[in-house]
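Descriptive analysis of the structure
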Number of protein chains: 4
Amino acid sequence: MTDVSIVGGSGYTGGELLRLLLGHPNVTIKQVTSRSHLGEYIYQVHPNLRKRTQIKFTDPAQIDNVDVLFLALPHGQAQLDISRYFKLAIKIVDLSADFRLRDAALYQQWYGKPHTAPEWLSKFIYGLPELHRAEMGTANYISGVGCNATACNLALLPLVKAGLLEMSAPIICEIKVGSSEGGAEGNPGSHHPERASVIRTFSPFGHRHTAEVIQEMGLPNISLTMTSVDLVRGVLATVHAAVRKGVSNKDLWQAYRAAATANPFIRIVKEQRGIYRVPEPKILAGSNYADLGFDLDETNGHIVSMCAIDNLMKGASGSAVQCMNLMLGLDETTGLGFSGLHPI
Amino acid sequence: MTDVSIVGGSGYTGGELLRLLLGHPNVTIKQVTSRSHLGEYIYQVHPNLRKRTQIKFTDPAQIDNVDVLFLALPHGQAQLDISRYFKLAIKIVDLSADFRLRDAALYQQWYGKPHTAPEWLSKFIYGLPELHRAEMGTANYISGVGCNATACNLALLPLVKAGLLEMSAPIICEIKVGSSEGGAEGNPGSHHPERASVIRTFSPFGHRHTAEVIQEMGLPNISLTMTSVDLVRGVLATVHAAVRKGVSNKDLWQAYRAAATANPFIRIVKEQRGIYRVPEPKILAGSNYADLGFDLDETNGHIVSMCAIDNLMKGASGSAVQCMNLMLGLDETTGLGFSGLHPI
Amino acid sequence: MTDVSIVGGSGYTGGELLRLLLGHPNVTIKQVTSRSHLGEYIYQVHPNLRKRTQIKFTDPAQIDNVDVLFLALPHGQAQLDISRYFKLAIKIVDLSADFRLRDAALYQQWYGKPHTAPEWLSKFIYGLPELHRAEMGTANYISGVGCNATACNLALLPLVKAGLLEMSAPIICEIKVGSSEGGAEGNPGSHHPERASVIRTFSPFGHRHTAEVIQEMGLPNISLTMTSVDLVRGVLATVHAAVRKGVSNKDLWQAYRAAATANPFIRIVKEQRGIYRVPEPKILAGSNYADLGFDLDETNGHIVSMCAIDNLMKGASGSAVQCMNLMLGLDETTGLGFSGLHPI
Amino acid sequence: MTDVSIVGGSGYTGGELLRLLLGHPNVTIKQVTSRSHLGEYIYQVHPNLRKRTQIKFTDPAQIDNVDVLFLALPHGQAQLDISRYFKLAIKIVDLSADFRLRDAALYQQWYGKPHTAPEWLSKFIYGLPELHRAEMGTANYISGVGCNATACNLALLPLVKAGLLEMSAPIICEIKVGSSEGGAEGNPGSHHPERASVIRTFSPFGHRHTAEVIQEMGLPNISLTMTSVDLVRGVLATVHAAVRKGVSNKDLWQAYRAAATANPFIRIVKEQRGIYRVPEPKILAGSNYADLGFDLDETNGHIVSMCAIDNLMKGASGSAVQCMNLMLGLDETTGLGFSGLHPI
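In this report, the structure presented in the accompanying data block is examined. (Residues numbered from 1 in each chain as written. Chains lettered and ligands numbered in written order. Predicted model: local features only at pLDDT ≥ 70, side-chain atom pairs only at ≥ 80, totals over all residues. Heavy atoms only, no water.)

Opposite the 41 residues of chain B that make contact, chain D presents 41 residues. Overall, the association of chain B and chain D removes approximately 3500 Å² of surface from exposure, summing both partners, and the carbon and sulfur fraction of that is 64%. Taken together, the links from chain B to chain D amount to 4 salt bridges. Arg 200 of chain D is the salt-bridge partner of Glu 280 of chain B, the closest N and O atoms lying 2.6 Å from each other. Inspection of the region where chain B meets chain D yields 18 residue pairs in polar contact (both at pLDDT 80 or more). At the level of elements, strand 6 (171-177), helix 7 (192-195), strand 7 (200-203), strand 8 (222-228), strand 9 (235-242), strand 11 (290-297) and strand 12 (302-309) of chain B are the ones that each hand at least two residues to the side of chain B that touches chain D. (Contact = heavy atoms within 4.5 Å. Buried area = accessible area lost by both parts, 1.4 Å probe. Salt bridge = Lys/Arg side-chain N within 4 Å of Asp/Glu carboxyl O. Polar contact = N/O pair within 3.5 Å; in protein donor to acceptor, adjacent residues only side chain to side chain. Helix = DSSP H or I, 4+ residues; strand = E, 2+ residues; numbered from the N terminus.)

So, in structure tokens, the structure goes:
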């Protein structure tokens, strides 16, 4: 058994991580920290875990040595203490945005302030197994992923890998998101009477996750547009791009099938009939799948590529556990077997 | 034209009052106060009023004399300054809970602290026109109504008025409510990821509105059970009681029809077929109707009486405007003509 | 008073039309037809109209002569009987898709079959007052509008009118829609367990409303992408385009302000602070407003223009009544005074 | 490995059963039948199972011998063919209402027609392990449970078992339910624009599940009131009853704790602080837990007992798998380990 601890376990990604690790056959949870819920049972904060564990939140200052340390802190905090965490565990998975970008200048550009531990940036592998599986087997430090970035990266992955994109055309990623993306802390816009039934394009461009797509896909001419809609868990990225002249539907099928074959959590959803013809995030709640679909307008080469994920799973804690599995040499699907529900 | 002002106009009941008064043919809005939004346009807080008015929020300390003053303050504040408001307007409608109960001891029992202006309690008429229409024509001070109390009072009105209830049997009022009941200020439980899709019986008994039902219906043996469900506007009270031996369906129809005939905003919804067979709050959003339905189990005298309202309209600001109309000698439906929407 | 009748009054657009016309000060409703609900009270189908009217549905075969005839039939039916309707009323407003396109070939291309009354196409004015107000004063035949087309057309209107668009760049209209767009008849995908919490990009391109945008805006290089989300009423179009080199934020403000000044139902929603910074359809339920917003990426000329409407109002029945007002020489806002609700 | 087949696998309970059995370590699924989806992959009907199985629906007429046969047919069908199924498997779990009542007269009373296989009624054990665990170890035929009946039965279980109820007082079970209770087939009332945001007391009393509560709890003086609210999965029963004179909160804690100790899927949710103080069904989606809470009004002995479940799990397929486990001598929690999600 591998001993793991979680620093910052009271948020939504921390809770999801706890759910996954409690059900994981190869790990033992040693400590879970929370300053604001110190001394409380974790099921008082994560009510789905009642009768599953008697662990209480402990003080982050008193964390012990452990095999794998998960950091699930608010953005900006992990970089302040990374040299301390480094001494506590051989392997670290940080779910925040702190170590996702390899370039300190890019970090400053998108996050608006200098990185406080820039020397650590190159030590972390970007935490999306579908992009960096090979490197993860020998890695000790893995970053988290942005949920919206993940939906875009996976929507683009088959196209980029097969070289099908016309690189001169701008790429528009239209992303629709649920309310859990905002985290466990409420704000005026998340008050239910204001948030229910909403269609709110809160960020037309300039979202920080853009940097992760630019870095990982090598596509500078890209923009992410964020729209809040009424669900709790789920992201759908509807990505508009242009394919190179001559690219056919057959080429596309080949590229998407290759992605689904190479990656256990990628599925293609593209049916002619029925009501489940395209990727939909709602059935993915709690699962680690990324469902991909696409449609090509053969008259003009306009491709619409879709990716649906659960932002707390494939977009955060699910990918983090998958990364841990790869770091530990386990089957990458271990502990991630939940299929999702229907109807829901 | 009657000049009116609103003290405390930035909450949900204040906003609804503004919407109604801006569309009212007989009144002119002079001032609307808000401490927290001082100087802002009211459409920045009530976005539906954009392009309808250029009024800005003013300081409550600088309110001028006016014909009718509406108080839409948080509970407990109107009683502190009532002697000041009394000098500013001949007629006052207070939407808070401060002047709903006639008995200071009852107030202390349900609100947990002594009333600070008990001598004013007897000067206010309880603000439900369906119960106190006659007195309102000559009244100067009218209280608001509790939204949940209103749903119960109107569900019980036909039964009480016709003397059909078996008084020895306990009455269970099962009330399902939307999120706007909690007001414009968020709290941890109103955060969308926590509040969406909820069925939460947050108060099994002991809700403060119980006092208003006891007072107005003269039914001491009653309890209100509150359950939050997923909608923004709307209350449904499903009231369980027993009818006196021998009471028939025909007696009930007569009693409910009498209520609908006597009151322009009461409708009976009781169809044998179709999908609109019972009262449903969702189609009442923005309307002042109270929809009543009932069903009698003839085997045992168990009656289920239902009342659906919009908590911000018939349960608050709509009734307040109706009261003002009656005080001013206007047709009580003036400015309350919106029918509600379907579908919604 | 003007006498009006509605052919096909049992659907959602018919119901919304009824609500508006019942509250309209200058018209009297003579007949409302429905084959499937023949003889029923209209409030049994449109429950919000209970206690507002005692009209029953009549047989479409027995419709009398009238001043204005509204046709609210399923697509494809009005064109079959247009020569009959023509004899029944001097003025006709058809809400279906049958007379929106001026070119029979375009109709065939997008609707997949020949138009059965092509000679009538040129007699109809496209029913969006913001585009054809001047012609409507003398018109007798006005078409309806597609709700999604309307959201796109109004998002593009300020840009096209001021000539700010770079015409060579493709335009992507990302449209998020509520469930009432599908009409009153259910289908497997509209079953609540399947439709709730959905984010479903059901049409990546090729939606029929595209033809209306191409025709009215003169922008052939455009695509509409349709995504269902969880609300009942409302459309948000998030339109991605490029502005001409040198176009500044100031130019855009000027163009959008001009549109809001010229059109009583256009509002600009673009705030720096607060939670109502961008257009949101939910507060428009029941109102005829179109809320516009925009954002310019000055680094690359990427403009995101947003338009929120209620699909049953500005996108259907509200615009139809506004057209009738203009045809009759009335103030175009008559009977369309409802501001919308907040919260909702 | 135990071979199992499912007759009638295309509905919601069939789909949930498939999800559970595909993840069950001790069973192999042999056949799944569906007349309407014959030959389709099961993931085309249950989209969450994509990439989990390549099984296709087969003809119910061609079902082979098997160890355990699950019948998930519409009510009324299992009883027609029970003598055929009896020959196909030693053990049968029927999820429909056909074999839940022991008394054919009771069946006729509540279902309005005579049972066609009354001789089979006494052979089936009522399928709630919390009530009949001991008998299940040697049983071959187990019925399903009504989801609403289950929420009531479990809310009442601690009170009945400890003999705390005042038997002369009527019991009111106020049940709020999600849309998946209606099954996979849509109807006019389940069309999203009609069903979203609904609070609809569709059955004030007389619901068929009442018979199961009467039979299992021995409480004839009971009524079930059904109200639809806006969520997909979940039931909350808020049960109003009276306790015997002298019963204290301590007695109640003892009774509820005994139930939670004796039953692995019963949890007590009763906190003083925080936002998870009472049972809520939404966090139970996909889990087999029944969360119980209670509150006693000591002034009058009014007890409110609450039970939240997922209607497709503890209220149907989850309990069915738990029964199978007990019949096969396995740990009753096998294959039912999913904890539920938060937030959702």
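The rest of the description comes next.
With an RMSD of 0.0 Å, the fit of chain B onto chain D corresponds to turning through 180 degrees and sliding 0.0 Å along the axis. In the structure described here, the two chain copies are related by an operation that fits a two-fold rotation axis. Identified as the residue of chain B closest to the rotation axis by C-alpha distance is Asp 230 of chain B, at 2.8 Å. Mapped onto chain D, 100% of the interface residues of chain B again fall at the interface, so both copies present the same surface. (Least-squares fit on C-alpha atoms with pLDDT ≥ 70 in both.)

Each copy superposes on the other: chain A lies on chain D with an RMSD of 0.0 Å after a rotation of 180 degrees and an axial shift of 0.0 Å. Interface overlap between copies is the fraction of interface residues in one copy that are interface residues in the other; for chain A against chain D it reaches 100%, indicating a shared surface.

Residue and element names in this part refer to chain A. By the criterion of burial, strand 8 (residues 222-228) is predominantly enclosed, with 7 of the 7 residues buried. In strand 8, alternate side chains face the same way, and those of Ile 222, Leu 224, Met 226 and Ser 228 on one face and Ser 223, Thr 225 and Thr 227 on the other are all buried. Pairing geometry for strand 6 (residues 171-177) and strand 8, over 7 bridges, is parallel. Note on strand 8: the bridge partner recorded for Ile 172 is Ser 223. Bridge count between strand 7 (residues 200-203) and strand 8: 2 bridges; the pairing is antiparallel. Bridge pairing in strand 8 places Arg 200 opposite Ser 228. (Buried < 20%, exposed > 50% of the residue type's maximum accessible area, 1.4 Å probe, protein only. Pairing = 2+ DSSP bridges.)

We now examine the sheet that holds strand 3 (residues 66-71) of chain A. All names here are of chain A. Taking strand neighbours across the sheet as the criterion, the 5 strands line up as 2-1-3-4-5 in an open arrangement whose pairing is parallel. The open sheet has two free edges, formed respectively by strand 2 (27-32) and strand 5 (141-143), since each of these has just one partner strand. Sheet twist, expressed as the mean angle between neighbouring strand axes with direction ignored, is 20 degrees. Here strand 3 runs beside strand 4 (residues 89-94); their pairing, made up of 5 bridges, is parallel. Opposite Leu 71, over in strand 4, you have Asp 94 as the bridge partner. (Axes fitted to C-alpha atoms, helices over the stretch in contact; angles between N-to-C directions.)

Moving on, we get to the pairing of strand 1 (residues 2-7) of chain D. Each regular strand carries side chains that alternate between the two faces of the sheet. Residues and elements named next belong to chain D. The element strand 1 is extensively covered by neighbouring structure, given that 5 of its 6 residues are classed as buried. Where strand 1 and strand 2 (residues 27-32) come together, 5 bridges link them in parallel fashion. Counted as the bridge partner of Asp 3 is Thr 28 from strand 2. For the crossover that starts at strand 1, traverses helix 1 (residues 12-22) and ends in the parallel strand 2, the hand is right-handed. (Right-handed = clockwise from strand over helix to strand, strands pointing away.)

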